Amino acid sequence: MTGETETPLMKQYNSFKAKYPDAILLFRVGDFYETFGEDAKRAASVLGITLTKRSNGKASEVELAGFPHHALDTYLPKLVRAGLRVAVCDQIEDPKLAKGIVKRGVTEMVTPGVALTDNILQTHSNNFLASVFFESGQSGRDQFGVAFIDISTGEFLLAEGNLAYVDKMIQSLSPSEIVYPKSRQKEFLQHFGTKYYAYRLDDWIYSYDNSLDILLKLFDTNSLKGFGIEDERFSVVAAGAAIQYLKDTEHHNLSHITKLTKLTDKHSVWLDRFTIRNLELIYSPHPGGKTLLDVLDQTSSPMGARMMKRWLVMPLLDKQQINERLDSVEWLIRNNSQAEELRKLIRSIGDLERLISKVSLEKVNPREMVQMRRALQAIVPIRKLLTGSGNQNLNRIGEQLNPVADLASKIEKVLTEEAGPVIAKGNYINCRVDEELDRLRTIKNSGKDYIAGIQQKEVVRTGISSLKIGFNNVFGYYLEVTNTHKNKVPTDWIRKQTLSNAERYITEELKEYEEKVLGAEDKILVIEEKLFQELIRFAKDYVVAIQLNANFLANVDCLLSFAETAARNNYTRPEINDSFAIEIKEGRHPVVEQELATGDLYVPNDLLLDSELQQILVITGPNMSGKSALLRQTALIVLMAQMGSYVSAASAKIGWVDKIFTRVGASDNLSAGESTFMVEMNETASIMNNLSPRSLILLDEIGRGTSTYDGISIAWSLAEYLHHHSGVNPRTLFATHYHELNELAERYPRIKNFHVSVKETTNTVIFLRKLVEGGTEHSFGIHVAKMAGMPKAILDRANEMLHELEGQRQKQGDLKQAVKKISPLNYQLSFFDVNDSKMKQLAEELEHIEVTTLTPVEALMKLHELKKLLYNG
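Residues numbered from 1 in each chain as written. Predicted model: local features only at pLDDT ≥ 70, side-chain atom pairs only at ≥ 80, totals over all residues. Heavy atoms only, no water.

*Asks:* With reference to specific residues and values, describe the nonpolar core.
*Replies:* The nonpolar side chains of soluble globular proteins are, as a tendency, buried together. Within the largest apolar cluster, 171 residues are counted, with the highest numbers of intra-cluster contacts made by Leu281, Leu415 and Ile660. With sequence-adjacent residues up to four places away left out, Leu281 is seen in contact with Leu271, Ile276, Thr291, Leu292, Leu293, Leu312, Leu636 and Leu639. (Core = buried A, V, L, I, M, F, W, Y, C linked by side-chain atoms within 4.5 Å. Buried < 20%, exposed > 50% of the residue type's maximum accessible area, 1.4 Å probe, protein only. Contact = heavy atoms within 4.5 Å.)

*Asks:* Which residues make up the sheet that holds strand S10 (residues 177–181), and what values do they have?
*Replies:* Strand order in this open sheet of six strands is S11-S10-S7-S8-S9-S12, and the pairing throughout is mixed. Taken across any chain shown, the strands that pair with only one partner, and hence form the sheet edges, are strand S11 (198–201) and strand S12 (261–262). Judged from the seven bridges that link them, strand S8 (residues 142–150) and strand S9 (residues 155–161) form a sheet pairing that is antiparallel. Looking across to S9, one finds that Phe144 is bridged to Gly161. (Pairing = 2+ DSSP bridges. Helix = DSSP H or I, 4+ residues; strand = E, 2+ residues; numbered from the N terminus.)

*Asks:* Can you lay out the packing of aromatic side chains for me, pointing to particular residues and giving the numbers?
*Replies:* A complete count under the given rule lists 22 aromatic pairs for this structure. On the basis of an interplanar angle of 45 degrees and a centroid distance of 4.8 Å, the ring pair of Phe219 and Phe227 is categorised as tilted. Between Tyr428 and Phe532, the ring centres sit 5.7 Å apart and the planes meet at 70 degrees, which makes this aromatic pair edge-to-face. On the criterion of sequence distance, the pair formed by Tyr428 in the loop between helix H16 (405–414) and helix H17 (435–445) and Phe532 in helix H19 (residues 508–540) is long-range, its members being 104 residues apart. Given the relative accessible area of 0%, Phe532 is considered buried. By the ring-pair criterion, three or more aromatic residues cluster together here, those being Phe134, Phe144, Tyr180, Phe188 and Phe192. A cation over an aromatic ring shows up here: Arg325 above the ring of Trp311, its NZ or CZ 3.5 Å from the ring centre. (Phe/Tyr/Trp six-rings, centres within 6.5 Å; stacked < 30°, edge-to-face > 60°. Lys NZ or Arg CZ within 6 Å of the ring centre and 35° of its normal.)

*Asks:* Just give me the short version of the sheet that holds strand S16 (residues 494–498), but keep the residues and values in it.
*Replies:* Read across the sheet, four strands follow the order S14-S15-S17-S16 without closing on themselves; strand pairing throughout is antiparallel. Every other strand in the sheet has two partners, leaving strand S14 (468–472) and S16 as the edge strands with one partner each. Across the sheet, the mean angle from the axis of one strand to that of its neighbour is 40 degrees, orientation sign disregarded. Here strand S15 (residues 476–482) runs beside strand S17 (residues 502–506); their pairing, made up of four bridges, is antiparallel. Paired with Glu480 across the strands is Arg504, a residue of S17. (Axes fitted to C-alpha atoms, helices over the stretch in contact; angles between N-to-C directions.)

This is the structure in structure tokens:
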């Protein structure tokens, strides 16, 4: 479309749209945000608003969809959650003062990973933007760097390593958006798939020199040595690209990003993405399913909730740090009244971390600043409680808390306690803060009295008792005199309007006062906003101190959560040692026990794993007996212990682990062309290629996705490999239905057989869920099928086949030959056990009944006879 056919408004719109072609452009027009063209079609579809058309010049129309500007917080989150990038274009000058078209500018670009609006952000979760960079290294394999930024909190994290490590970090931190180089799209999709919202950036952004320059300017340093990443080229490139992306999305004020943290596998337990998924640490694949996070997270603040997620996916390796947390939890349990007071105070603080980020970004409102003052004031009693605790860790945290008294005092002086969330509405600055503001407020608030005074004075002066003072938008305040008294009007009055029965006048005094009153409100708003901006600038000097406070308070909040969970669920303090043994007494699954019906008790189990004596436990037992729960609870107890939490056991002695691997459950990845068995083998291969002497490995039903002989061969060879692998001896729980694996314990000294016991009765099987030494060959699969509601005909036929197979196999010695000998299905008698004389007789009776000739009474009598035959013989 040529410029001659466009209206001035659309010319301006198109100039902005050209800069943000792949974003929905919300274009402020008066009291509305409008979208045009293809943007309007998409916005109308996502938001459910009306799509219309408007003239766009001489001979064209353009689609139009919009919503009131005050509804931005309602509609913007819907667009972003739909995976759309949104550019907010505002009027940046007062329309009353504009000469020609109003000046506009894009004030904010919002994407899934770059958001500051409370309605978009999840309170208890970080909103990370991830930046990934990778190139082929000297080995020929890609080397990766990744950076994570949460602009709402100022957190900036980096990691560098191979694909497995970076993939694990992405899985752990769950970014809302990932950016990567445009030229590497094919490889990115191969490595990470399509499950993340991803956006491609120009390749020049991922240059080392550009990234280094950006980071040095951001932190105002001469090098990156202080952050320990000066030699990590890949993570530096990723980090610089992330900052560049923030700037390109109109986020130039990043002073709240004050540090970056290098993440390494030397500080936390290795949990690959399969393990995080299989153990259901944060997310459950089942609708309404509970996770370990649901159990452990009893935090009182959003800051604590976000830190709890981090602790959960990054358990500690350092024994001293683990014991410091455990010592703190123990103190909090023993001193419940102080712990409850701390919870109450932390609850009152709210989300201090995101509040101070809003200050730095100048997105904070008066109500939020009042909340910050309350939070800072609450730090004073928290500090007193912690420093007086006598616990070394809590005392150290308390000493590092800074109440920032100057800022708290300043906010209290400047802002009213009832300050609202909208700056434009004013009335949030205290009295006696600014003399001019107080004078203007007096003028505004005493208007009625002043007008009444003028009226009374003029009544006395003129003798016109019926004199009135009114106001309209045409010529402001006026004196109204009826025609009866117009001959009494003084000569210094100025006539402004003649009515049928009255005249309206103004005076110099009235006009002068009108100018004061009408200008006072606008001037008040200007002064209040100026004072509030001064307060924000004052608060910016304390960003780092308040960020540290937020981190310390989140830490205490997580420890309080551990204490509350331990007391509520009868957890005990674990012992962390340097041995290679894991000894758990009366261990329980921390999530499953919470899901049991009222009155049911979880059956606890003892377990011993020892790299030197009892390295691999081959666990057999029937379906539904609790093998998988036992495997998972062992990993969860170890993980909880190394988080610094009490554990769901009577006692636990943990020889610390550095890696936890799990291969459990059945799933496929059909979009990538991977069957259930292929997924199983991929996960198993990842485990075998990353073993360490301190690994804990959980294997559940390895080899079940292929033929019986293939599966047994794979499972057998895996067990042998784990037993003999170069002295690594990883501690392993191996649950299986392949009873043939029981033979391994006869051959290898560190492999032991265990099974989960059951009790058989005449008609049913009771799952005792108790781990006992020795193997078993019973699966009770048909019994489980019955519990699931399988039709009786199928169950009867299955039982019939099972009896035949077991008998034939004893004779033939070969499963394949035994299957060939199975009796064909008798369709007429398939609902009855042909080996039961009663059932056979019943079937014969039924065959001879002519149903079509029976009367209702005869049918009832025949039914009665059949019941007698069945139950009485």
